Structures are given as C-alpha cells and as structure tokens.
Amino acid sequence: MIGTARRRRDTGPVFRLSDLGLQGDTAARLAEMRAAGPLVQTRMPMIGRFRVTTTYAATQEVMKGQARFVLERRNATGRGGAAGFSWWMPRNVRLMASNMLARDDPEHRRLRRLVDKAFARQGVKGMADDIGARAERLLDAMPVRGEVDLVEAYARRLPSEVIADMLGVPDAARDRFMARAGRLTASTSRLGMMRAVAGIGSFVRDFRAIVAEVRRTERPGLISELIAVEEAGDQLSEDELVAMVFLLLFAGMETTTNLISGSVTALADNPGQTQWLLADPEARIERAVEELCRHVSAVAGTKPRFVAEDTQVAGVALARGEMVMALPVAANHDPAVFDAPHELRLDRFPNPHLSFSAGNHFCLGMQLARVEVQQALLRLHARFPGLRVPPPRGRDYLGRAGHRGFARLMVRPDG
C-alpha cells in the first residue's frame with residue numbers, strides 16, 4: 001500500500017503554495033486541491049517535493065499527531081536535523097532555525113515550559129489600552145492626504161513596536177534592530193531572501209549585544225524574564241535564548257502584520273460586514289476578529305513535518321521519512337466544517353478555526369495577536385472612516401509560500 005501511495009503521488013498534480021495568496025482565486029485553487037485528495041503534492045526550493053493537507057480533518061490530524069509527525073528529521077529517520085535546515089547552512093541560520101518551533105518533545109516541552117512561564121508574567125489582558133495608545137500615535141504620524149503604504153506605516157510597525165517593548169529591547173538598539181527586522185520580514189523575492197539570510201549574522205550579533213545589555217542593566221521585559229526564569233532547575237542556554245528572542249520577534253511581528261493588513265482588505269471587500277461591526281464595535285470586535293483570523297489565514301502552512309512511522313491520514317498511506325505540511329488555510333475554508341467558508345461572516349459562531357495551529361505547537365502569542373488586531377482595526381476605522389483600499393487586482397501580494405499577506409498596501413486615508 002505504501003509503495004502504491006508513492007507511485008500515485010509521483011504521477012499526481014503538483015500544486016504551488018504561492019498560489020494560495022490573498023488573490024481572488026484562492027477558493028477555486030483550494031477546491032481544486034481538495035478534489036485531488038485530502039493530501040496533495042507540492043514542491044519548494046531546497047526542500048523538494050512533499051505533501052500538504054487539504055481538509056480540516058487531515059490538517060488537525062497532522063497538527064495533533066506529534067508522535068507520528070515530527071519536526072526533526074533524526075526523530076523519523078535517525079539522521080539529519082530539524083525540518084527546513086541542514087548541516088550545509090551557515091551556523092547563524094541553523095542557530096536561528098533551531099528555536100522551539102523546530103523541536104520535538106521532550107526538548108520542545110522544556111523550552112515551551114520556560115517561555116510560557118516568562119510570557120505569563122508579562123500578561124496580555126491588560127495591554128489593550130497600551131496597544132491602542134500606540135496605534136493612535138502611529139495614526140497621528142500617518143499622512144491624511146494622498147497614498148500611504150499601510151503595511152509599512154501601520155500593520156508592521158504596530159506589532160513590531162509592541163513586541164520590542166515586551167522583549168525589553170534597549171532604546172539605543174531599537175532603531176537599528178527594528179530596521180533590520182523590517183528588511184527581513186519585507187523580503188519577498190528569492191534574491192531578497194538570500195540577502196536577508198546573509199544578514200542574519202548581524203542579527204545574531206545584535207541579539208547577543210542586547211542580551212548582554214539586559215543582563216547588565218536588569219531591564220524589565222521578556223528577555224529579562226527568560227534570563228531569570230527557572231523550571232525544575234532548568235534555564236535557557238545563551239544560544240537557546242538568542243533563538244527564542246528571534247522566534248518571539250518574528251512570530252510576534254510577521255504573522256500579525258499580515259493578519260492586520262489582510263483584515264483591512266477583507267473589511268474593505270465586504271462593506272456590509274464592516275457596517276455591522278462598526279454599528280457596535282466594542283461588543284462585536286472579538287467575534288469579528290476570530291472570523292477575520294479564519295478568513296485571512298495569514299499563516300497558510302505550518303513547518304513541514306517528517307512521518308515518523310508508516311501511517312495513514314484520511315485514508316492516504318504515508319511512509320516513514322516522507323514530509324507533510326499542515327495547511328491552516330485549507331482547514332479554515334473546508335465546507336465540511338464551515339458553512340459558506342469563503343464568505344466573510346463576522347458573527348460566525350462557533351468558529352473552530354486552526355489559524356493558531358493545534359496540538360503541542362499551538363501559537364504562544366495568539367492572545368497577543370488577537371488584542372493587536374482588535375485595537376488596530378478599531379483605532380484605524382475610528383480615525384479614518386473613509387479609508388480607501390485598492391481593489392484585489394491593485395494589491396501587491398507577498399507571493400511567499402506558506403504566508404498570506406502584502407508586500408505593500410497603498411491606501412488613501414482621506415478616501
């Protein structure tokens with residue numbers, strides 16, 4: 001059966017993940033993939049050919065099946081490292097990539113427990129007013145007339161400044177730190193990504209300098225908490241701390257950037273839904289953002305996993321050592337679970353979307369992301385009720401596999 005499955009995979013269609021951007025044909029492409037089966041083939045540079053899930057059930061099964069689907073190749077085949085990087089990659093790239101999102105239990109559980117404890121001390125529930133005030137300051141600086149790139153001026157700056165505050169990045173290092181972070185997350189072309197990867201060494205030096213400064217000054221923030229936190233006598237090593245800061249920065253910035261900008265366009269494309277929200281925004285924003293998380297699906301695909309043992313998913317045979325990626329965007333638009341899944345319905349309930357993953361790798365910062373999107377949308381629409389957003393054909397999409405967002409989004413605040 002396994003051999004038959006492999007031959008069927010080799011002769012079946014190969015889909016491009018970059019086609020699952022925010023473009024208007026997403027529904028048709030997902031339907032085409034789903035019609036080909038619950039798992040279909042795709043291909044990515046440096047990774048090769050692997051399978052992706054197309055249904056809610058298959059996606060959830062892969063996300064929650066941490067014993068059968070592992071992130072570190074060695075735990076499936078006895079050789080190699082974590083998914084997505086290899087021995088030949090520069091040391092600094094391997095260091096950054098070796099964060100807890102690329103680790104299996106028990107190492108993942110150890111790292112997650114330490115950062116969970118530090119994150120809990122920071123708290124999120126009481127941050128809404130502070131995040132809203134920061135959003136207001138960014139809107140104060142936004143030109144009222146003419147075009148402005150909403151990604152650069154607002155959608156990226158808000159989560160990046162929030163996470164820099166939470167981390168406790170020293171003021172003297174912040175401008176250079178945030179400029180480099182912006183260049184890395186804004187890279188979309190292959191050449192741009194190669195340049196960004198080449199610059200990771202500078203990032204590592206910056207992170208080490210920031211950690212050293214926080215150690216000297218005992219500056220408040222997540223970095224200090226991560227330095228100090230102990231669980232059963234365990235602590236993060238220096239390399240683990242640097243990788244964790246890198247993860248918290250980019251997990252807390254890129255995904256939320258795409259979620260904010262994608263939500264703005266989703267509301268612009270559905271004026272009736274926007275009117276419903278703005279009729280009672282404070283009471284409706286939480287449910288609305290859950291639907292926007294589902295509808296936008298800023299993270300199209302999770303990290304690829306390795307099959308740890310011969311198994312089946314939704315009746316499809318998988319052999320040990322094969323690679324499979326869970327697609328939240330496919331799960332979130334599965335008509336078997338969601339009525340009219342490609343429609344934006346801000347009052348949708350229940351809404352069991354998988355935008356923040358599931359299982360032991362569910363998103364650590366999901367509550368923070370929710371609050372950031374809520375405040376970003378409330379403040380933006382209150383300040384610029386006539387905000388004009390370009391139509392789908394006039395938008396500059398990222399075109400990056402695994403992500404759904406915009407490289408730029410030129411809007412007119414004055415309408």
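1. Some remarks on the pairing of strand β3 (residues 48–53)
Here strand β2 (residues 39–44) runs beside β3; their pairing, made up of six bridges, is antiparallel. By the bridge assignment, Leu39 is partnered in β3 with Thr53. Linkage of β2 to β3, two consecutive antiparallel strands, is achieved through a turn of three residues, within which Met46 is found at a positive phi near 70 degrees. In this sheet, strand β9 (residues 323–325) lies alongside β3 in parallel orientation, the contact comprising two bridges. For Arg51, the partnering residue across the bridge sits in β9 and is Val324.

2. Some remarks on the nonpolar core
In terms of nonpolar packing, the biggest core is built from 79 residues, with Tyr154, Leu167 and Leu248 touching the most fellow members. Non-local contacts of Leu248, meaning those with residues more than four positions away in its chain, are made with Val115, Phe119, Ile163, Leu167, Leu222, Leu226 and Leu364. In this structure, Val70, Ala300, Leu327 and Val329 belong to the second largest nonpolar core, which totals 18 residues.

3. Considering the side chain of Arg34
Its place among the elements puts Arg34 in helix α2 (residues 26–35). Asp334 is the oppositely charged side chain nearest to the buried, salt-bridge-free Arg34, at an N-O distance of 4.1 Å. Of note is the side chain of Arg34, whose polar atom sits 3.2 Å from the backbone oxygen of His333. Not counting chain neighbours up to four residues away, the residues in contact with Arg34 comprise Thr54, Thr55, Ala330, His333, Asp334 and Pro335.

4. Side note on the sheet that holds strand β1 (residues 14–15)
Across the sheet, which stays open at both edges, the six strands sit in the order β1-β2-β3-β9-β6-β4 with mixed pairing between neighbours. Among the strands making up the open sheet, the edge pair consists of β1 and β4 (69–70). Two elements, β4 and strand β6 (residues 305–307), share two bridges in a ladder whose sense is antiparallel. By the bridge assignment, Val70 is partnered in β6 with Phe306. Contacts between helix α3 (residues 56–64) and the sheet are confined to β3, β4, β6 and β9, with β3 contributing the most and set at about 110 degrees to the helix.

5. Notes on the packing of aromatic side chains
Enumeration according to the criterion identifies three aromatic pairs in this entry. On the basis of an interplanar angle of 65 degrees and a centroid distance of 6.1 Å, the ring pair of Tyr56 and Phe338 is categorised as edge-to-face. Of this pair, Tyr56 sits in helix α3 while Phe338 sits in the loop between α18 (328–332) and α19 (366–383), placing them 282 residues apart in sequence. Judged by relative accessible area, which is 2%, Phe338 ranks as buried.

6. Comments concerning the side chain of Arg294
Topologically, Arg294 is positioned in helix α17 (residues 281–296). Overall, the relative accessible area of 0% leaves Arg294 in the buried class. Within the structure, Arg294 has its side chain in polar contact with the side chain of Glu291 (distance 2.9 Å). Every residue in contact with Arg294, bar those within four places of it in the chain, is listed here: Asn332, His333, Phe338, Pro341, Glu343, Arg348, Asn351, His353 and Ser355.

Rules used in this analysis
Residues numbered from 1 in each chain as written. Predicted model: local features only at pLDDT ≥ 70, side-chain atom pairs only at ≥ 80, totals over all residues. Heavy atoms only, no water. Pairing = 2+ DSSP bridges. Helix = DSSP H or I, 4+ residues; strand = E, 2+ residues; numbered from the N terminus. Core = buried A, V, L, I, M, F, W, Y, C linked by side-chain atoms within 4.5 Å. Buried < 20%, exposed > 50% of the residue type's maximum accessible area, 1.4 Å probe, protein only. Contact = heavy atoms within 4.5 Å. Lys, Arg positive; Asp, Glu negative; His and termini not counted. Salt bridge = Lys/Arg side-chain N within 4 Å of Asp/Glu carboxyl O. Polar contact = N/O pair within 3.5 Å; in protein donor to acceptor, adjacent residues only side chain to side chain. Axes fitted to C-alpha atoms, helices over the stretch in contact; angles between N-to-C directions. Phe/Tyr/Trp six-rings, centres within 6.5 Å; stacked < 30°, edge-to-face > 60°.

On their own, these measurements won't tell you what the molecule is for.
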